[in-house]
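Per-entry structural report
Now for the letters of each chain:
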Amino acid sequence: MRAYEPQTYALLRIVTGFLFLWDGMQKLFGYPGEMPPGVPVFIIWTAGPIELAGGVLVMIGLFTRGAAFLSSGLMAFAYWMGHGFKALLPIA
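On a predicted model such as this, the values are computed, not experimentally measured, just so you know.

**Topic: the pattern of salt bridges**
- The final tally for this structure, using the stated rule, is three salt bridges.
- Of the charged contacts in the structure, one is a salt bridge between Glu5 and Arg2, with a shortest N-O distance of 3.8 Å.
- The exposure class of Glu5 is partly exposed, given its relative accessible area of 45%.
- The exposure class assigned to Arg2 is exposed, which follows from its relative accessible area of 70%.
- In this structure, Asp23 and Lys27 form a salt bridge, with 3.2 Å as the shortest nitrogen-oxygen distance. Here Asp23 and its partner Lys27 are both found in helix H1 (residues 5-29), four residues apart, which amounts to about one turn of the helix.
- You can call Lys27 buried: its relative accessible area is 13%.
- One salt-bridge network, in which partners are shared between bridges, spans Asp23, Lys27 and Glu51.

Put into structure tokens, the structure is as follows:
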């Protein structure tokens, strides 16, 4: 697998950035699909731009470390807000 390390890293970065990009687009623009009712506005206007900009930056490989650090912190916060105090794993 070492021979394919750069390609694997690039694929992981592109897919991760793409997922963040779509999640940010859903929060800010309602595409694809609207946000569920009852989502607080501060989450939409705080998390949306971070996910959109962070996803684009991670996907194209520009300021990747900073964008990934900020985006991962946002996801850790979102996990604890949505799942962390109910059960350790989101599926439970």
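**What about the packing of H1 against helix H2 (residues 41-60)?**
- Put simply, H1 and H2 touch, their axes get as near as 7 Å, and they point 150° apart. The angle between the axes of H1 and H2 places the two elements in the roughly antiparallel class. H1 and H2 meet at a crossing whose hand is left-handed.
- Looking at side-chain class alone, the contact of H1 with H2 contains 17 nonpolar, four polar and four charged residues.

**Notes on the side chain of Glu51**
- Mapped onto the elements, Glu51 comes out in helix H2.
- Setting aside chain neighbours within four positions, we find Glu51 in contact with Phe20, Leu21, Asp23, Gly24, Lys27, Leu74 and Met75.

Here is what the cut-offs are and how they apply
Residues numbered from 1 in each chain as written. Predicted model: local features only at pLDDT ≥ 70, side-chain atom pairs only at ≥ 80, totals over all residues. Heavy atoms only, no water. Salt bridge = Lys/Arg side-chain N within 4 Å of Asp/Glu carboxyl O. Buried < 20%, exposed > 50% of the residue type's maximum accessible area, 1.4 Å probe, protein only. Helix = DSSP H or I, 4+ residues; strand = E, 2+ residues; numbered from the N terminus. Axes fitted to C-alpha atoms, helices over the stretch in contact; angles between N-to-C directions. Parallel < 35°, antiparallel > 145°, perpendicular 65-115°, else oblique. Left-handed = near helix turned anticlockwise from the far one by under 90°. Nonpolar A, V, L, I, M, F, W, Y, C, P; charged D, E, K, R; others polar. Contact = heavy atoms within 4.5 Å.

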